[in-house]
Amino acid sequence: MSSAELPPAKRHKGDQHELTATSDSVSVSQFPTLARYIMARTGDSELTILLTALALACKATSRACNKAGIACLFGLAGDVNSTGDDQKKLDVLSNDIFIDALTNCGACAVLVSEENEDPIFVPESKAGRFVVAFDPLDGSSNIDCNVSTGTIFAVYEKVSTGPATVGDILRTGNDIVVAGYCMYGAATELVITFKGHGVHRFTLDPSLGEFVHTQAHVKLPEGGGKKIYSCNEGNSANWDKAIKAVVASFKEGTKPYAARYVGSMVSDVHRTLLYGGIYLYPADNKSPLGKLRVLYEGFPMAFIIEQAGGSASCGLFKGKLQRLLDIVPTSIHEKCPVIIGCNRDVDLVLAEYKAQGLL
């Protein structure tokens, strides 16, 4: 069965208890693990193998982050990645972990990583039918001060016949089969979505070594939730008039928006998903095409937010307003502006562009 044709979610006796149980797993006899959930919802064994490999890599990266100080993994590795960012030791280690797990799982044909300049083509003897783009350690500039980091990924199904090509990954975000992120913070949490099957949260239970399903069908709060805006205002002098105006409006009135910005996309988007508000990383005079990468940052986060009932836009990009998932990337490390969050606040940004006549 093609993963683009996932069957309706199956219901199992005890599912509701499993998804809402608050007791420690010691006191229950049923374990709604990630692998069990995927098989029950998709019946796709190859996709299950792929996501199990991703989960293993997330666990290994979580362990490395937890032990970074003890294992002397803080600090720079001495190189720069494909987009010119300084590589940290944990960047290099986490990238190696994900490449090894995905290359050897037998389900992947092509891999695209932020840390590698070129796509990685899996040897034919190990190749499967999926293509994965990932940022192995988002927010790595925060590693040394122990701020939450994360992994972001998007999974496509190969469309070419015969050996995989770069065309299998240079597609719009609408073709994504599965997207997700794993946050390494106070807890290790995996947020994942299958097209048309909602957004789901899994939390790593260290005593079991398994991701356990903790919340089904996550939605942004009704009406937009808390009034929070999240952006790097240090770049504000270089923003266009519409972004300057809308951020200024967030700070006006007797009950202005609260400003929250971690500087780790996974952390900022996770908060936006659960609490509401908006996350912005717009284009500016220094980075007219944006700063975040399309394939492994913009697309997966936009896909998750839209599946959770929100909106995802580029704002004004290449002369017009664009829905983020409609971009057609032309290179694997292409960048774009990112404006995502609740409909209430994203609509305010788009309305401001129209009011400023910047289209």
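The sections below set out a description of the structure shown in this document. Bear in mind that the values here come from a model prediction, so they are computed numbers and not experimental data. (Residues numbered from 1 in each chain as written. Predicted model: local features only at pLDDT ≥ 70, side-chain atom pairs only at ≥ 80, totals over all residues. Heavy atoms only, no water.)

1. Comments concerning the environment of I305
Selection criterion: Strands are runs of DSSP state E lasting at least 2 residues, helices are runs of H or I lasting at least 4, and numbering of each runs from the N terminus. Note on definitions: a residue-residue contact is assigned when non-hydrogen atoms from the two residues lie within 4.5 Å.
Inspection of the secondary structure assignment puts I305 in helix 7 (residues 294-307). For the pair I305 and V218, spaced 87 residues apart in the sequence, the C-alpha separation amounts to 9.8 Å. For I305, the contacting residues outside a window of four places in its chain are L220, V269, L273, G310, S311, I340 and G341.

2. Focus on the sheet that holds strand 11 (residues 228-230)
Rules: Only strands joined by at least two bridges in the DSSP assignment are considered to pair. Axes, fitted as lines to C-alpha atoms, cover a helix only where it is in contact. Angles between the N-to-C directions of the axes lie from 0 to 180 degrees.
Strand order in the open sheet made by the 6 strands is 12-11-13-18-15-16, with mixed pairing throughout. Taken across any chain shown, the strands that pair with only one partner, and hence form the sheet edges, are strand 12 (258-259) and strand 16 (320-323). Across 2 bridges, the pairing between strand 11 and strand 12 is parallel. Residue pairing in the sheet places I228 in a bridge with A258 of strand 12. Here helix 6 (residues 265-275) sits on the sheet in contact with strand 11, strand 13 (278-281) and strand 18 (338-341), set at roughly 150° to strand 13.

3. Quick notes on unusual backbone geometry
Excluding glycine, most residues fall at negative phi; most peptide bonds, likewise, are trans. Spelled out, the test is: With a 1.4 Å probe rolled over the protein chains alone, any residue whose accessible area is under 20% of its type maximum counts as buried; one over 50% counts as exposed, and the rest are partly exposed.
In this structure, H217 takes a positive phi of about 50° despite not being glycine. Positionally, H217 belongs in the loop between strand 10 (210-215) and strand 11. Its relative accessible area of 51% is what places H217 among the exposed residues. The backbone of K318 shows a phi angle near 55°, a positive value even though the residue is not glycine. The topology assignment puts K318 in the loop between strand 15 (311-317) and strand 16.

4. Remarks on the pattern of salt bridges
A side chain of one charge can pair with a side chain of the opposite charge if their charged atoms are brought near each other. Threshold: The working definition used for a salt bridge is a side-chain nitrogen of Lys or Arg within 4 Å of a carboxyl oxygen of Asp or Glu.
What the rule picks out here adds up to 13 salt bridges. Across the pair R129 and E46 runs a salt bridge, and its minimum N-O distance is 3.4 Å. Highlighted residues: R129 in the loop between strand 4 (120-121) and strand 5 (130-138) and E46 in helix 3 (residues 45-66), separated in sequence by 83 residues. For E46, a relative accessible area of 21% corresponds to the partly exposed category. A salt bridge links D268 to R271; its shortest N-O distance comes to 3.1 Å. Of this pair, D268 and R271 both sit in helix 6, separated by 3 residues, roughly a single helical turn. With relative accessibility at 0%, the residue D268 sits in the buried group. The exposure class of R271 is buried, given its relative accessible area of 13%.

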